[in-house]
Number of protein chains: 2
Amino acid sequence: MCGGIGSRFWPYSRTDLPKQFIDFLGTGRTLLQMSYDRVLEFIRPENIIVVTNERYAALVAEQLPELGPAQILCEPARRNTAPCIAWAAYHIAALDPEASMVVTPSDHLITREQLFINSLLAGFEFVESNDALLTLGITPTRPETGYGYIQVGEEVTPGINKVKTFTEKPDVELARVFLASGEFFWNSGIFLWRADAIIKALRATMPDLARTFDNAASIMGTPAEEAFIAEKFPACAAISIDFGVMEKADNVYVERVSFGWNDLGTWSALYENSPRNRDANVAHNCNVITYNSTGNILAIRDTEKLVVVDGIHDYIIADAGDVLLICPKANEQRIKQIVNDVRSSHGEKYL
Amino acid sequence: MCGGIGSRFWPYSRTDLPKQFIDFLGTGRTLLQMSYDRVLEFIRPENIIVVTNERYAALVAEQLPELGPAQILCEPARRNTAPCIAWAAYHIAALDPEASMVVTPSDHLITREQLFINSLLAGFEFVESNDALLTLGITPTRPETGYGYIQVGEEVTPGINKVKTFTEKPDVELARVFLASGEFFWNSGIFLWRADAIIKALRATMPDLARTFDNAASIMGTPAEEAFIAEKFPACAAISIDFGVMEKADNVYVERVSFGWNDLGTWSALYENSPRNRDANVAHNCNVITYNSTGNILAIRDTEKLVVVDGIHDYIIADAGDVLLICPKANEQRIKQIVNDVRSSHGEKYL
């Protein structure tokens, strides 16, 4: 899944070049490329499918030249994850009715790749021998308030439990309780299932969405698919797979995993997961000279740009060439408001 | 005089485009152009001569297309004001032995143009009828510690006094005493004299410099002048006209003037002389959106750039495209050190 616009990282992430298409960690590979590299370890390249917004099709093709055109599914509109995943599942089922699949965001950080691979192989083994919807639950390492949690029920096989409940993001008190209990895991948004299992679950939980795709099952993977999507996809309700399916289906399981995961959903998360210099400043893609400045995160699109900072502590400094943002890390939730203000005053120009 | 590099305003002012060549006040005219416009009110255009460094000759010609090539004197090296003024004086004397001249920096702000014109006309009248070196002393309006002061002696004609002493920049206590006394005026660096009077003073106070030009008096204004300057100018000692002549000559006078003058020598001076918005932020050449931010000065080369600032008070934010500086206004004297540090780590690239 590669269609997000990364607005929480504005202006470093922009609608014309969202987060997943940026070399966010300065490794030489974008987050999308890193996600591709990771799954390539256990999925044949011709079986990797990227679902993105049509405006990003060229970016995907440029960043992943290994993909053939049929491996890029272009959404004509943003409709959250349920329609995205439904399309992918029906598309895959048409190619191979026996297929199992992993659904993964393309903009997350995973640091321990071999553990990730081992977890996914174990997960595939489970969903291929059970009618199960499997989600990956990350063993929490801190009372994080930025993630949803999954409470586990009975263990059905080593490392895999029945899901008891999905929870909203907790406050810090509750997050501490979750952490101490050992029963709560972070909801990673990574799913495994057989294509026919998620289709069956969609028919039960989101019948309108399933009907749309059932009516077109025979044209999936044919030249007629594009026209069908152009006509019907924008009419699908924008609902997340969590809300639409996972919280309603009764065959939902969670694999408890630990592979150094972060959704890189916030500047603070990026800061925490980046190498810091001795003054605890994090500099992405730029030459920085600091004086009496600590705890800042600097993200500069122009890798040649020199940034000199004096007397600044715990700020986000993000420069996208035509936009500069200077904002306390503690105020990053304000970025959403800022983006709205910028839209009000300047339209889409700077978004 | 138009050869400075404006390093105190780095990075907004750069060696390839110093302060005087920038539309510093957002008026649509650069400081050089504003200086030209001002003297054009009482000096015939063919009598205006710009002395600059040879690296800026093309910039001068571009910004002042009215000037003929013979009106731009190009210094092959930076040698402070005494050699610059000596060259101009000998050059002018060769064109017209009777000429009087005004010497003015090209990067100052003057807000009350008619008062400036009237002051200069009165000054010309004085120097044309007296063997006098006249400097303009600005009536101080605050205990400024950033300027040198001139103490006046007896008044010799209305508005013009003998100079008693030139002083260094005072501390704030002394500046308050100066202001209260009524005897001290800001040293503007604007001078009026007959060309033959400054040449006579140069012979008395800076005989080496005068000898260099006396030996070439016959080729001034001829095609041989350029080769002479290329050979001899770099060998002149780099000395200011204040130290070399004004503090030593005995025919030095000061005209007491008030025409809304500021040398724009510091970010703080620029801040004080710029229109502020309701949060007391000053934005030069940029779209700015501020949240909880006051007292900042923002100077952005790219006039289309959007700058969003949250939680910043009393800072300089200067963006030159390839360099971004964020620095407390109170630390602006550190910019000199910063420039040195940047030179140490990156050479001339960002200067």
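This write-up is about the structure you can find in this document. Just so you know, these numbers come straight off a predicted model, no measurement behind them. (Residues numbered from 1 in each chain as written. Chains lettered and ligands numbered in written order. Predicted model: local features only at pLDDT ≥ 70, side-chain atom pairs only at ≥ 80, totals over all residues. Heavy atoms only, no water.)

**A short note on the overall build of chain A**
A tally of helices and strands in chain A yields 11 helices and 16 strands. Since a compact globule built from 351 residues should have a radius of gyration of about 20 Å, the 21 Å found for chain A is in line with a globular shape. Expressed as a percentage of its 351 residues, the buried residues of chain A come to 55%. Sequence separation of 24 or more characterises 64% of the internal contacts of chain A that already satisfy a separation of 6 or more. Summing over all exposed atoms, chain A offers an accessible surface of approximately 14,800 Å²; the carbon and sulfur share of this is 50%. (Helix = DSSP H or I, 4+ residues; strand = E, 2+ residues; numbered from the N terminus. Rg over C-alpha atoms; globule rule 2.2 N^0.38 Å. Buried < 20%, exposed > 50% of the residue type's maximum accessible area, 1.4 Å probe, protein only. Contact = heavy atoms within 4.5 Å. Areas by Shrake-Rupley, 256 points an atom, 1.4 Å probe, with all protein chains shown as cover.)

**Section: the packing of aromatic side chains**
All names here are of chain B. One pass over the full model with this rule turns up 36 aromatic pairs over all chains. Note on W186 and W261: the rings are 6.4 Å apart at their centroids and 45° apart in plane angle, and the pair reads as tilted. One end of the pair, W186, is in strand 8 (residues 184-194); the other, W261, is in strand 10 (residues 261-262), and 75 residues separate them in sequence. Side by side, W186 and W261 carry an identical accessibility label, which is buried. (Phe/Tyr/Trp six-rings, centres within 6.5 Å; stacked < 30°, edge-to-face > 60°.)

**Thoughts on helix 4 (residues 113-129) of chain B**
With 17 residues, helix 4 of chain B should reach 24 Å at 1.5 Å per residue; the first-to-last C-alpha distance of 25 Å fits that figure. Among the residues making up helix 4 of chain B, those that are buried are B:F116, B:I117, B:S119, B:L120, B:G123, B:F124, B:F126 and B:V127. (Expected span 1.5 Å × (residues − 1).)

**What about the relation of the copies chain A and chain B?**
The operation relating the pair of chain copies consists of a rotation about an axis and a translation along that axis. When chain A is brought onto chain B, the operation consists of a screw motion whose angular component is 180° and whose axial shift is 0.0 Å, with 0.0 Å RMSD remaining. On this basis, the relationship between the two copies can be described by a two-fold rotation axis. The rotation axis passes nearest to the C-alpha of A:G321 in chain A, at a distance of 3.7 Å. (Least-squares fit on C-alpha atoms with pLDDT ≥ 70 in both.)

**What about the interface of chain A and chain B?**
Each partner contributes to the interface: chain A provides 35 residues, whereas chain B provides 35 residues. Between chain A and chain B lies a buried interface of about 2,800 Å² when both sides are counted; carbon and sulfur atoms form 54% of it. Counting the contacts that link chain A with chain B gives 6 salt bridges. Between B:K349 and A:E304 there is a salt bridge, and its shortest N-O distance comes to 2.3 Å. Scanning the region where chain A abuts chain B turns up 28 residue pairs in polar contact (both at pLDDT 80 or more). Those elements giving two or more residues to the side of chain A that touches chain B turn out to be strand 12 (287-291), strand 14 (306-310), strand 15 (315-319), strand 16 (323-328) and helix 11 (335-346) of chain A. A per-class count over the side of chain A that touches chain B returns 19 nonpolar, 7 polar and 9 charged. (Buried area = accessible area lost by both parts, 1.4 Å probe. Salt bridge = Lys/Arg side-chain N within 4 Å of Asp/Glu carboxyl O. Polar contact = N/O pair within 3.5 Å; in protein donor to acceptor, adjacent residues only side chain to side chain. Nonpolar A, V, L, I, M, F, W, Y, C, P; charged D, E, K, R; others polar.)

**Describing the pairing of strand 2 (residues 72-75) of chain A**
Each regular strand displays side chains that alternate between the two surfaces of the sheet. Here strand 1 (residues 50-53) of chain A pairs with strand 2 of chain A via 4 bridges, running parallel. Looking at the pairing, A:N53 lines up with A:E75 of strand 2 of chain A. (Pairing = 2+ DSSP bridges.)

**Brief notes about the environment of A:G265**
All names here are of chain A. By the element assignment, G265 lies in the loop between strand 10 (261-262) and helix 10 (267-272). A residue is classified by how much of its surface remains accessible, and G265, at 4% relative accessible area, is buried. Considering only alpha carbons, one finds G265 and Y147, 118 residues apart in sequence, at a separation of 9.3 Å. Not counting residues up to four positions away in its chain, the partners in contact with G265 are R8, F9 and K19.

**Focus: the side chain of B:R194**
Relative to the helices and strands, B:R194 is located in strand 8. Only 2.8 Å separates the side chain of B:R194 from the side chain of B:D196, close enough to count as a polar contact.

**Observations regarding the state of the cysteines**
Residue and element names in this part refer to chain B. Counted by the stated rule, this structure contains 0 disulfides over all chains. With no disulfide of its own, C2 lies closest to C84 among cysteine sulfurs, the gap being 9.9 Å. The exposure class assigned to C2 is buried, which follows from its relative accessible area of 2%. Free cysteine: C236, not disulfide-bonded; nearest cysteine sulfur from C84 at 11 Å. (Disulfide = S-S within 2.5 Å.)

**Let's talk about the sheet that holds strand 11 (residues 282-284) of chain B**
Taken in spatial order, the 6 strands make up an open sheet running 12(A)-14(A)-16(B)-15(B)-13(B)-11(B), and their pairing is mixed. Since the sheet does not close on itself, it has two edges, and those belong to strand 12 of chain A together with strand 11 of chain B, each with one partner. Between one strand and the next, the sheet's axes are offset by a mean angle of 5°, whatever the strand orientation. Sheet topology note: the strand 15 (residues 315-319) of chain B/strand 16 (residues 323-328) of chain B ladder contains 5 bridges and is antiparallel. (Axes fitted to C-alpha atoms, helices over the stretch in contact; angles between N-to-C directions.)

**Things to note about the nonpolar core**
Ranked by size, the top nonpolar core spans 72 residues in total, and within it A:W10, A:V60, A:F259, A:W267, A:V342 and B:V308 carry the most contacts. Element by element, the count of residues in this core is highest for helix 4 (residues 113-129) of chain A, at 6 residues. Sequence-distant contacts of B:V308, that is, excluding residues within four places in its chain, are made with A:W10, A:L324, A:L325, A:I326, A:I338, A:V342, B:I289 and B:Y291. (Core = buried A, V, L, I, M, F, W, Y, C linked by side-chain atoms within 4.5 Å.)

**Here's the deal with helix 8 (residues 225-232) of chain A**
Because each turn of an α-helix spans 3.6 residues, side chains separated by three or four positions in sequence point in the same direction. Residue and element names in this part refer to chain A. Buried within helix 8 we find E225, F228 and I229. The buried residues of helix 8 occupy an angular sector of 95° when the element is viewed end-on, so they sit on one face. Turned more than 90 degrees away from the buried face of helix 8, the exposed residues are E226, A227 and E231. (Arc of directions from axis to C-beta.)

**A closer look at the packing of helix 6 (residues 195-205) of chain B against helix 7 (residues 207-214) of chain B**
Residues and elements named next belong to chain B. Where helix 6 meets helix 7, the closest approach of the two axes is 6 Å, and the angle between their N-to-C directions is 125°. Classified by the angle between their axes, helix 6 and helix 7 sit oblique to one another. Residues L202, R203, A204 and T205 of helix 6 form the contact with helix 7, whose participating residues are P207, L209, A210 and D214. Looking at side-chain class alone, the contact of helix 6 with helix 7 contains 5 nonpolar, 1 polar and 2 charged residues. (Parallel < 35°, antiparallel > 145°, perpendicular 65-115°, else oblique.)

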